[in-house]
Amino acid sequence: MSFEKLGLIEPLLRAIKDQGYTEPSPIQAQAIPIIMDKKDVLAGAQTGTGKTAGFTLPLLHRLAESKPKGTKRVRALILTPTRELAAQVEASVETYGKYLPFKSAVIFGGVKINPQITALRRGVDIVVATPGRLLDHMNQKTIDLSAVEVLILDEADRMLDMGFIRDIKKVMLELPKKRQNLLFSATFSKEIKQLANGLLNNPALIEVARSNASAESIKQVVHPVDCSRKRELLSHLITEGNWSQVLVFTRTKHGANRLTAQLDKDGITAAAIHGNKSQAARTRALKEFKEGKVRVLVATDIAARGIDIDQLPHVVNFELPNVSEDYVHRIGRTGRAGNKGVAMSLVCIDEHDYLKGIEKLMGKRVEQIKIPGFAVDPSIPAEPISQGGGRGRQGGGRGNGGGRGNGGGGNRNSRSAGSGSRNSGGGRSRN
Ligand code: AMP
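How each quantity is defined
- Residues numbered from 1 in each chain as written.
- Predicted model: local features only at pLDDT ≥ 70, side-chain atom pairs only at ≥ 80, totals over all residues.
- Heavy atoms only, no water.
- Axes fitted to C-alpha atoms, helices over the stretch in contact; angles between N-to-C directions.
- Helix = DSSP H or I, 4+ residues; strand = E, 2+ residues; numbered from the N terminus.
- Parallel < 35°, antiparallel > 145°, perpendicular 65-115°, else oblique.
- Contact = heavy atoms within 4.5 Å.
- Nonpolar A, V, L, I, M, F, W, Y, C, P; charged D, E, K, R; others polar.
- Buried < 20%, exposed > 50% of the residue type's maximum accessible area, 1.4 Å probe, protein only.
- Polar contact = N/O pair within 3.5 Å; in protein donor to acceptor, adjacent residues only side chain to side chain.
- Arc of directions from axis to C-beta.
- Disulfide = S-S within 2.5 Å.
- pLDDT = per-residue confidence, 0-100.

Asker: Is there a simple way to explain the packing of helix H13 (residues 324-331) against helix H14 (residues 352-362) in this structure?
Answerer: Helix-helix packing: each pair is described by the crossing angle between the helix axes and the interaxial distance. For the pair H13 and H14, the least separation of the axes is 8 Å and the interaxial angle reads 70°. For the element pair H13 / H14, the angle class is roughly perpendicular. Across from Ser324, Glu325, Tyr327 and Val328 in H13, the residues of H14 making contact are Gly357, Ile358, Leu361 and Met362. Of the residues that constitute the contact of H13 with H14, the class distribution is five nonpolar, two polar and one charged.

Asker: Any chance you could explain the side chain of Ser25 here in plain terms?
Answerer: Mapped onto the elements of the fold, Ser25 is located in the loop between helix H1 (10-19) and helix H2 (26-36). The class of Ser25 is buried, set by a relative accessible area of 17%. Among the polar contacts listed, one links the side chain of Ser25 to the backbone oxygen of Thr49, at a separation of 2.8 Å. When sequence neighbours within four positions are dropped, the list of residues in contact with Ser25 reads Thr49 and Gly50.

Asker: Could you clarify how one ought to interpret H2 in this entry?
Answerer: In an α-helix, one turn spans 3.6 residues; hence positions three or four apart end up facing the same way. Among the residues making up H2, those that are buried are Ile27, Gln28, Ala31, Ile32, Ile35 and Met36. Projected down its long axis, H2 shows its buried positions confined to an angular sector of 120°, all on one face. Buried residues along H2 sit against strand S1 (41-44), helix H3 (51-65), strand S6 (180-185) and strand S7 (204-207). Of the residues one or two after H2, Lys38 is the one with positive phi, at around 65°.

Asker: Looking at this structure, how should I read the state of the cysteines?
Answerer: Every disulfide links exactly two cysteines, by a covalent bond between their sulfur atoms. Under the counting rule described, the total for this entry stands at one disulfide. The side chain of Cys227 participates in a disulfide bridge whose partner is Cys348; the two sulfur atoms lie 2.1 Å from each other. Disulfide Cys227 to Cys348: torsion about the S-S bond roughly 80°, handedness right-handed. Pair noted here: Cys227 is in the loop between strand S8 (218-224) and helix H10 (230-241) and Cys348 is in the loop between strand S13 (341-347) and H14, with a separation of 121 residues, a long-range link. For the pair shown, Cys227 and Cys348 are each scored as buried.

Asker: Looking at this model, I keep getting lost on the confidence of the model for the protein. Mind explaining?
Answerer: A low pLDDT means the predicted coordinates there should not be read in detail. On average, residues of the protein carry a pLDDT of 84, and 83% of them reach 70 or more. For the stretch residues 392-431, pLDDT sits under 50, and the model shows 105 contacts to residues farther than four places along the chain or on other chains.

If you want it as C-alpha cells, here you go:
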C-alpha cells in the first residue's frame, strides 16, 4: 500500500515525502479513504499509531477538493483535551498542509486571548482548540463556527475524563447540522459510546489495535522495589543505563515537583510538566527535553497527553496510575510508529492492586525483573495510597483518605469502580 494509491492530492504527497514516510500506517490505510469520502468515523486508535496524519491528511484533501461557502470562515474544527496536544496537532496540520494555501490556528487557555482574536479575524480555515478557550471565544463572538464542514474530536476519552462533555455539547450546538464528524478515542467506555451515538451519523468503525491492548512494539517490565527506595532505583537505572532521554510519570503534581528536585540533587537534569505550571514553563520544559538539554521529563498523566517525541526510548512509571487506562496511554509514549521502546514500572507493595487492574485490562501479565541491590524487604506492610502521592516522607500515608481500603473491594482500578476510586483519595485531578 502506498500514499499515492490512496488518491491523495499531489501537494499532500509531496509533504508526506518530505516527512520521509514510505507507506501509510494501518490506521492511515483504513481511515484516509473513508474520511476522503466524507463519511463519519468512529476510530479506536492508540497514540503512536499515526492517527494524527490519519485524520489530517484526508481533512486537508477534502478541504482542497471543495470550495468554501464564503470567505474568512472556519471550515474545520479539531478539539483536543490538552494544550500540548492542540499545539502538536496544529503543527501536523502545518506540516502536511505546507504546500496548500490553508491557514490554521491553535486556540487554548493559559495564554493571551488577543493574538488569537487577531488571527481569527484575519481568517482561518482550520482551528485546533481545547474546549474551554474555544467557549470563551464563542461567548465573546470572536469565532464564527457556522460554516464548519468537519468536526474532529481527538482523544475523546480524555476529554470526557477531564470533564469537557458539557463544553463539547455547547460547541456542537453552534455547528451546522450537516457536517462530517470524526471521533478518535483510545478506549471505549459507556460514556464514549453515548457521545458517539449522539454525534456520529452511521459511522464507519475503524480499529487498529484491540482497544485497551498495548502496542506490540513496547517491551514492558515491572521492577519490584520498596516504596522508599524508588528514587534511588530510578537514579541507578538512569545512570547505569546511561539513558539520555526518559519520560517519568508520577501520580501527582506535587510528586512530580519533588522527584524533579531530587533527581537534580543526584546530578541528573530534570524538568517537571503538569497543570500547575504556566504554559510557558510547560513549553520550555518540553523543548529542552526534546533538545536533550534535560535528561528526564517528569510528568503527570494529563500533562503528558500531548507529548509526541519521535523514538522516545524509555518511559518509567515512577508510580502506577490509579486508573488502569492511563497506563496504556503512558506507555504509548514510547515505541511510537513502530520504533522499539521500553516501559518500566517501579512497583512497591502498596501498588499491587493497581498492577493487577492493569494486567487485567491488558489481558496479560507484565514480566517482573528484580534489580540487584534493590531486593524488596518482605517485612514492610502495604499502606494505603493517598492523594498526596505515596507514603511516609513522600507525603500522605495511612489514614489520609487513601484509595486503598476505601473502595469497598473489587477492582479499584477500573473506571466503573466509580466513587470508590475516583473521589476518595485515589481520584484524578486536572493535572
Ligand atoms: P500519532 O499517533 O499521530 O501521534 O503519530 C505518531 C508518530 O508517527 C508521529 O511522530 C508521526 O510523525 C509518525 N508517523 C505518522 N505517520 C507515519 C508513517 N506513515 N510512517 C512513519 N511515521 C509516521
